[in-house]
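# Breakdown of the fold
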Amino acid sequence: SAAATAASTVLKQRTATRTPAPRGPGGQGLRAMIAATAGDPLWTAAILTDLVGVALQVVALHYGSLALVQPLLITGLLFALLLGHVGGKLPGAREIGCALVVAAALVEFLRVSGASDTGPTGHVHPVHATVFAIGVAVAVLILVIAAHRHVPPAGRAGMLGVAVGAIYAADAALIKAATDVLADH
C-alpha cells in the first residue's frame, strides 16, 4: 500500500510538471489545464495506482491493527523519495538524512508502542471512529483558516502537512471501523 501510494504521488507530481499552467480569461485556462491533466496517461496511471494503494490499505487494516498498519504507511515517504529520483539525479545528503530520521522514528514508534507485537488486531468502534474523524475535520478546518490568515507562506506548507496527516489518520480509523463492521455481518 505504501509503495503504491508513493508511486501514485510521484506520477502525479511528474504529470503536474508536464501540464501547462492555466492561462486565459475566466475559467478557460483552468478547464484546459484539467483537460490536459485528465488526458495524460501518467495521470491515469497515478489514479489506478491510488486505487491499488487504497485497496491494499483496506485489506491491511482489516487483518492488522490500526497501530501497526497506519505507521507503516509512512514508509510511503521513503518509497516516494526513491521513486522520485528514478531516471534522475541521486538524492542529496539532506534528503538521505531526512529519510534516515523518518525510518528511525518509525522503528522506534513501533518498538515503544508495542504495535509490532503479535496478538489480536483489536476492533475500532464505528462511533469512536466517526467522532474521531469529525474532530479531525474540525481541527483541520481551524488549521486551514489560521494558516490562511495568520501564518506566513513558509509556515503554511508545514501546517498543510500536519492537516493532511491528520486526515489520513481519520481516514484509516474509518476504514478500520468499516472493515470491522463488514466482517461482523
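Note that this is a predicted model, so its numbers are computed, not measured. Every residue gets a number counted from 1 within its own chain, in the order that chain's sequence is written. Where totals are concerned, whole chains, interfaces and linings use all residues; where local detail is concerned, this predicted model gives features only for residues with pLDDT of at least 70, and gives and counts side-chain atom pairs only at 80 or more. Working from all heavy atoms in the structure, the side-chain values ignore hydrogens and water.

Quick look at the overall build of the protein chain now. By the criteria applied, helices consist of DSSP H or I runs no shorter than four residues and strands consist of E runs no shorter than two, each listed in order from the N terminus. Counting its regular elements, the protein chain contains eight helices and zero strands. Secondary structure of the protein chain in N-to-C order comes out as α-α-α-α-α-α-α-α. Think of it in three bands: residues with accessible area under 20% of the maximum for their type are buried, residues over 50% are exposed, and the middle band is partly exposed, with areas taken using a 1.4 Å probe on protein chains only. Residues classed as buried in the protein chain amount to 25% of the 185 residues present. In this description, contact between two residues means that some pair of their heavy atoms is separated by no more than 4.5 Å. In the protein chain, of all internal contacts separated by at least 6 residues, the share reaching a separation of at least 24 is 77%. A total accessible area of about 11,700 Å² is found for the protein chain, and carbon and sulfur atoms account for 73% of it. Reported accessibility uses the Shrake-Rupley method at a 1.4 Å probe radius. Residues are deemed covered only where the shown protein chains occlude them.

Let's shift gears to the environment of I167. Structurally, the position occupied by I167 is in helix α8 (residues 153-184). Along the backbone, I167 and A139 are 28 residues apart, and their C-alpha atoms lie at a distance of 9.7 Å. Residues contacting I167, with those up to four places away along its chain left out, are V136 and V140.

Taken residue by residue, the protein chain gives an average pLDDT of 77. The fraction at 70 or more is 83%. Confidence, read as mean pLDDT per element, is least for helix α7 (residues 126-150) in the protein chain (72) and greatest for helix α3 (residues 41-63) (91). Within a predicted model, pLDDT stands for the predictor's per-residue confidence, ranging from 0 to 100.

Axis lines are fitted to C-alpha atoms, over the contacting stretch for helices. Their N-to-C directions set the angle, which ranges from 0 to 180 degrees. As a packed pair, helix α1 (residues 2-18) and helix α5 (residues 75-84) sit with axes 8 Å apart at the nearest point and diverge in direction by 45°. Classified by the interaxial angle, the pair formed by α1 and α5 is oblique. When the axes of α1 and α5 are compared, the crossing they make is right-handed. Touching A2, A3, A6, A7, V10 and R14 of α1 are T75, G76, F79, A80, L83 and G84, all from α5. Orientation is classified from the angle alone, with under 35 degrees giving roughly parallel, over 145 giving roughly antiparallel, 65 to 115 giving roughly perpendicular, and any other angle giving oblique. Each crossing gets its handedness from the near helix: less than a right angle anticlockwise from the far helix is left-handed, clockwise is right-handed.

Our next topic: the side chain of T15. Its location among the elements puts T15 in helix α1. Its relative accessible area of 1% is what places T15 among the buried residues. Leaving out residues up to four positions away in the same chain, T15 has contacts with T37, D40, L42 and W43.

Quick look at the nonpolar core now. In these notes, a set of buried Ala, Val, Leu, Ile, Met, Phe, Trp, Tyr and Cys residues joined through side-chain atoms within 4.5 Å is what counts as a nonpolar core. With five residues, the main nonpolar core is built from A133, V136, V140, A163 and A170. Of all elements in the fold, only α7 and α8 reach the threshold of two or more residues within this core. If you tally residues by element for this core, the top one is α7, at three residues.

Where α1 contacts α3, the two axes come as close as 8 Å, and the packing angle between them is 160°. When the axis of α1 is compared with that of α3, the two are roughly antiparallel. Crossing angle aside, the handedness with which α1 passes α3 is left-handed. Residues A4, T5, A7, S8, L11, K12, R14, T15 and R18 of α1 form the contact with α3, whose participating residues are P41, L42, W43, A45, A46, I47, T49, D50, V52 and G53. Amino acids outside the nonpolar list (Ala, Val, Leu, Ile, Met, Phe, Trp, Tyr, Cys, Pro) and the charged list (Asp, Glu, Lys, Arg) are all regarded as polar, and Gly is one of them. Looking at the contact of α1 with α3 residue by residue, the classes come out as ten nonpolar, five polar and four charged.

Glancing now at the environment of A172. Mapped onto the elements, A172 comes out in helix α8. Separated by 102 residues in sequence, A172 and Q70 have C-alpha atoms that sit 7.0 Å apart. Excluding anything up to four places from it in sequence, A172 contacts Q57, L61, L66 and Q70.

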